[in-house]
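# Inside the fold
As a plain string of letters, each chain reads:
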Amino acid sequence: DVILTSGEAQKKQLENLKSLKTILKTTLGSSRSFKRNKTIESKPVQKQSNTCLVVPEGVVGEMEIMFDFSIECAKKLQDINFILRVHPSVSLKDFTERKKKYKNTPKNINYSNDDLDDDLLKCNYVLYRGSSVVFQAVVAGLIPLYLHIHDEMKIDPLFEIDDMKMEVETIQHFENAVKGPICNAKIRKAQDYCSKVFVPFDKKILEKLIS
């Protein structure tokens, strides 16, 4: 009878589906909504540093895809720093113990134990695949780079804003992306879109439905 969404962006997607035309759709919000950190948000969208935040999903195979790619990029692009985060469901220590290849990495590869907000302040790019952290990163002013595997079905959370992000498949693609020009207007549009994906939970919506 009713479909509740976590944000206005999803509500709009569902409203465009003719098969759901007769079903009430409303935005409930989500406990996953993030407060727009003014300190982070005030960071200008520009190349303050060449630091890329890497945010895989909590799947070992996805972590390996992203970490392997980042390490290969780091070897060739030594002027770019990479901060690798593991999903909260995965222990960084256990992961690196089981995967010995991630112990001896280039000096410009760093594993993060910091809060996400702290990492967002250090970086100006975010390399992602299926992780929803990308929404928070874009709101914070980071430039999104989607790592696509050739001939693979895309799992891009930002599929609706293709013109506001960059896709990379190779080290050369990555280098071109981080050394190319930035369009501030596109980044601002992407920020606006991402801020509408998770909005604060509104219990009044549930109270109204129940009554």
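Overview of the structure. (Residues numbered from 1 in each chain as written. Predicted model: local features only at pLDDT ≥ 70, side-chain atom pairs only at ≥ 80, totals over all residues. Heavy atoms only, no water.)

### Here we look at the pattern of salt bridges
Between side chains of opposite charge, a pair can form when the charged atoms approach closely. Overall, the coordinates contain 15 salt bridges when judged by the stated rule. A salt bridge links K122 to D119, with the shortest nitrogen-to-oxygen separation between them at 3.6 Å. With K122 and D119 both in helix 5 (residues 116–122) and three residues apart, this pair spans about one turn of that helix. Under the relative-accessibility criterion, K122 is labelled partly exposed at 39%. Here D119 falls in the buried class, since its relative accessible area comes to 1%. (Salt bridge = Lys/Arg side-chain N within 4 Å of Asp/Glu carboxyl O. Helix = DSSP H or I, 4+ residues; strand = E, 2+ residues; numbered from the N terminus. Buried < 20%, exposed > 50% of the residue type's maximum accessible area, 1.4 Å probe, protein only.)

### Details of a nonpolar patch on the surface
A surface patch of nonpolar side chains, about 620 Å² in accessible area, is lined by V2, L4, L24, F201, L206, L209 and I210. Elements supplying a minimum of two residues to the nonpolar patch: strand 1 (2–5) and helix 9 (203–210). Examining the composition of the nonpolar patch, we find that three residues originate from one element, helix 9, more than from any other. Structurally, F201 can be placed in the loop between helix 8 (184–194) and helix 9. By relative accessible area, which is 44% here, F201 ends up partly exposed. (Patch = residues over 30% accessible without salt bridge, like charges linked within 9 Å, V, L, I, M, F, W, Y side chains within 5 Å. Areas by Shrake-Rupley, 256 points an atom, 1.4 Å probe, with all protein chains shown as cover.)

### Remarks on the packing of aromatic side chains
Evaluation of the coordinates by the stated rule reveals eight aromatic pairs. Connected via pairs of aromatic rings, a cluster forms that spans F67, F95, Y102 and Y111. (Phe/Tyr/Trp six-rings, centres within 6.5 Å; stacked < 30°, edge-to-face > 60°.)

### Focus: the sheet that holds strand 4 (residues 81–84)
An order of 5-4-3-6-7-8 is seen for the six strands of this open sheet, with the pairing classed as parallel. Whereas interior strands pair on both sides, the edge strands pair on one side only; in this sheet they are strand 5 (109–111) and strand 8 (166–168). Put simply, the sheet's adjacent strands are angled 25° from each other on average, direction ignored. Bridge analysis of strand 7 (residues 143–147) against strand 8 gives three bridges, and the strand direction is parallel. Residue pairing in the sheet places Y146 in a bridge with E167 of strand 8. Contacts from helix 3 (residues 60–76) reach strand 3 (51–55), strand 4, strand 5, strand 6 (125–128), strand 7 and strand 8, with the element oriented near 160° to strand 4. Along the sheet, helix 7 (residues 171–179) makes contact with strand 3, strand 4, strand 6, strand 7 and strand 8, crossing strand 8 at roughly 150°. (Pairing = 2+ DSSP bridges. Axes fitted to C-alpha atoms, helices over the stretch in contact; angles between N-to-C directions. Contact = heavy atoms within 4.5 Å.)

### Details of helix 7
Along helix 7, the residues classified as buried are F174, E175, A177 and V178. Taken around the axis of helix 7, the buried residues stretch over an arc of 160°, which confines them to a single face. (Arc of directions from axis to C-beta.)

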